[in-house]
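One letter stands for each residue in the lines below.
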Amino acid sequence: MHKICLEPKRVKAVYTITKQDGSTVANELIYSYDKVYFDKKHPEDVNLASMMVVQVALNYGLFFETIVFDGFYDDTDKSFLRDMMENTSREILVNKFFHKNEFLKPPYDAIKPEKMARYTAAKIEFTNMDFAHMKLEKSARETDLDAYGILSSGGKDSLLTYGIIKEIGEAHPIFVNESGRHWFTAINSHKYFKAKEPNTAKPWCNSDRIFNWMVKQMPFIKENFQNIRADIYPIRLWTVAVFLFGTLPIVRKRNIGNVLIGNEYDSTVKGTHEGITHYNALYDQSKYFDNALTRYYKRKGWNIYQYSILRSLSELLILKVLVKRYPDLQAQQVSCHAAHEENGRMLPCGNCEKCRRIIGMLKVLDEDPKRCGYTEAQIEKGLKALSARSVKQIGSDAAHLYYLLVEKGLVEKNEHSLKLAKAHPEILKLRFDNERSMMSDLPIHSRRPLFKILAKYTDGAVRYRDRNWHTFTLQKEDFETPYFLKNEL
């Protein structure tokens, strides 16, 4: 990665691959904005731009002999990039090669697991060809802790995050248009926010094109990968950071003190495979990712906290709060793998796993899925599909959803549905445990107003201890427990 170029409203860098025969191929990664955020004479701007354009590369530590990052980096940046590349290399090896991956050609789909001292194959080199004359001075920076930048996507999580923050602070929804089909899910909510919320921002990035271009260079990936329908990407697992770093020029320009990513209880998972620890391909959606970024911001002197205000909520509880308290926001929801446009509005396909899951949850909440674009035929088809096929939730959450579906007579009582159905009342409570959701993962300034709202829609709070959930009442000391700021990776 080299040739970083800063313009007032745009940042560019070139990705060049040197092949074994000595030939090269190159492509250009671009972030662009509708307002001025960069000054090429300011070392801090050049440093941030260097960190933005390098994130895509962290997915490829397994596949090259040497990776050169040519930009303006300090020791904090270098340490962060090395750690995150190593973590991502391990995640990709375990979850893309040791697990089933329909994108792989033989014999790469049958690689035997092997525990290693280091998973990144590439030698990492940092150079500074263009900015050696600059000096980066670290200085503590005060931020507005009442201002919240929200990484927004059009899904239920970011919509609920916005709704709550709009009540308790200053909300800044930031939509990163990544130039691919994933932008389809954000179109409805972006139009809605653009008309109603003056703090809305929409950077553009062509990262999706770079990702696809990189996959085409990989001889172990099937040539028809773009025609294979799957819920996973062929290789990459460091994706959220590509969008996240695209929000930081706005966050820093506006002096925002909080960066929020909408992730729920079940997106933090630790596991082992043949003795190799990993995060189940969800690291960049986990609380560990948020905590690592907060530590990075603190070391940079930026005084920014990154977290999710939804960590203690199940997917069903998130949708409940959204649809009951913010029905106008829920009407903008698009949670679908194959959304399509009709008459200027994006609509869900009604066929994918996400669609049947959303249909099922809205129905058990006694709400109408037609509000967010489903037709009567799609609703009927989705409920029928739930009678025969499961959903992608952790066991307790899926079991409770089926328990409610069966109890309300929304799905057929058959061997499949009855086998899955089991009551787990903790699903509609605030859940806290040492792995997925801790009160100390939330900065103290956000806790009390957040839980004051959530308490109106939950059935209380529970803590996981001794392999069981125990009911408890949030006390004053819960809102004052120290913030984490410890090393977890």
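The structure we're discussing is the one just above.
Model, not experiment: these values are computed from the prediction.

With that out of the way, let us pick up the overall build of the protein. Looking only at helices and strands, the protein has 14 helices and 17 strands in total. Since a compact globule built from 489 residues should have a radius of gyration of about 23 Å, the 23 Å found for the protein is in line with a globular shape. When the backbone C-alpha atoms are referred to their principal axes, the protein occupies close to 70 × 55 × 55 Å. Classification of the 489 residues of the protein by burial places 58% in the buried group. Sequence separation of at least 24 residues holds for 74% of the intrachain contacts in the protein that already meet a minimum separation of 6. A total accessible area of about 21,500 Å² is found for the protein, and carbon and sulfur atoms account for 48% of it.

F69, F80, L81, I221, F245 and F289 are the most contacted members of the largest nonpolar core, which totals 86 residues. Apart from residues no more than four positions distant in its own chain, F289 is found in contact with W238, V240, A241, L244, I261, Y283, D284 and Q306.

Once that is clear, we can look at the sheet that holds strand β2 (residues 10–18). One open sheet accounts for four strands, arranged β1-β2-β3-β8; its pairing is antiparallel. One side of each edge strand has no neighbouring strand; the edge strands of this open sheet are β1 (2–7) and β8 (204–205). Two elements, strand β3 (residues 24–32) and β8, share two bridges in a ladder whose sense is antiparallel. Paired with Y31 across the strands is C205, a residue of β8. Of the strands in this sheet, β2, β3 and β8 touch helix α5 (residues 207–216), which is tilted by about 160° from β3.

Our focus in this paragraph is the environment of L322. You can see L322 is positioned in helix α8 (residues 315–325). By relative accessible area, which is 0% here, L322 ends up buried. Separated by 159 residues in sequence, L322 and G163 have C-alpha atoms that sit 7.8 Å apart. Excluding residues that lie within four positions of it along the chain, L322 makes contacts with K156, L159, L160, P327, L329, Q330 and Q333.

This paragraph deals with the packing of helix α3 (residues 156–168) against α8. Two packed helices can be described by the angle between their axes and the distance between those axes. Viewed as axis vectors pointing N to C, α3 and α8 meet at an angle of 55°, and their least axial separation amounts to 10 Å. Considered as vectors, α3 and α8 are oriented oblique to each other. Judged by the sense of rotation from one axis to the other, the crossing of α3 with α8 is left-handed. Here α3 contributes K156, D157, L159, L160 and E167 to the contact with α8, which in turn contributes E315, I318, L319, V321, L322 and R325. Looking at the contact of α3 with α8 residue by residue, the classes come out as six nonpolar, no polar and five charged.

Turning our eyes to something else, we now look at the sheet that holds strand β17 (residues 468–472). Spatial strand order, β15-β16-β17: three strands in an open sheet with mixed pairing. Sheet topology places β15 (430–432) and β17 at the edges, where each strand pairs with a single neighbour. Mean inter-strand twist for the sheet, computed between neighbouring axes without regard to direction, equals 30°. With three bridges joining them, β15 and strand β16 (residues 461–465) adopt parallel strand pairing. Of the residues in β16, the one forming a bridge with R431 is V462.

So, on to the pattern of salt bridges. Taken as a whole and assessed by the stated rule, the structure comprises 23 salt bridges. We note a salt bridge from K287 to D441, for which the minimum N-O separation is 3.2 Å. Separated by 154 residues along the polypeptide, K287 in helix α7 (residues 287–300) and D441 in the loop between β15 and α14 (444–454) bring together distant segments of the chain. In this structure, D290 and R311 form a salt bridge, with 2.9 Å as the shortest nitrogen-oxygen distance. A residue pair is termed long-range when its members are at least 10 positions apart, and D290 in helix α7 and R311 in the loop between β12 (305–307) and α8 qualify at 21 residues. Accessibility classification places D290 together with R311 in one group, the buried group. Residues joined by salt bridges that share partners form a network here, namely K156, D157, E315, E353 and R357.

Below, the discussion takes up unusual backbone geometry. The linkage connecting P106 with the following residue, P107, adopts the cis geometry, with an omega of 0°. Turning to its location among the elements, P107 is positioned in the loop between α2 (75–98) and β5 (123–127). One non-glycine residue, N280, lies in positive phi territory at about 60°. Tracing the chain through its elements places N280 in the loop between β11 (276–278) and α7. On the basis of relative accessibility, which here comes to 36%, the residue N280 falls in the partly exposed class. Its identity as a non-glycine residue notwithstanding, N303 has a phi of 55°, on the positive side. With respect to the helices and strands, N303 occurs in the loop between α7 and β12.

We now examine the environment of F63. Tracing the backbone through its elements, the reader meets F63 in the loop between α1 (43–54) and β4 (66–70). Residues F63 and K196 lie 133 residues apart in sequence; the distance between their C-alpha atoms is 46 Å. With residues up to four places along the chain from it excluded, the contact list for F63 reads I92, F97, M218, F220 and I235.

About the criteria used
Residues numbered from 1 in each chain as written. Predicted model: local features only at pLDDT ≥ 70, side-chain atom pairs only at ≥ 80, totals over all residues. Heavy atoms only, no water. Helix = DSSP H or I, 4+ residues; strand = E, 2+ residues; numbered from the N terminus. Rg over C-alpha atoms; globule rule 2.2 N^0.38 Å. Buried < 20%, exposed > 50% of the residue type's maximum accessible area, 1.4 Å probe, protein only. Contact = heavy atoms within 4.5 Å. Areas by Shrake-Rupley, 256 points an atom, 1.4 Å probe, with all protein chains shown as cover. Core = buried A, V, L, I, M, F, W, Y, C linked by side-chain atoms within 4.5 Å. Pairing = 2+ DSSP bridges. Axes fitted to C-alpha atoms, helices over the stretch in contact; angles between N-to-C directions. Parallel < 35°, antiparallel > 145°, perpendicular 65-115°, else oblique. Left-handed = near helix turned anticlockwise from the far one by under 90°. Nonpolar A, V, L, I, M, F, W, Y, C, P; charged D, E, K, R; others polar. Salt bridge = Lys/Arg side-chain N within 4 Å of Asp/Glu carboxyl O.

Note that all results are geometric; they support no functional claim without further evidence.
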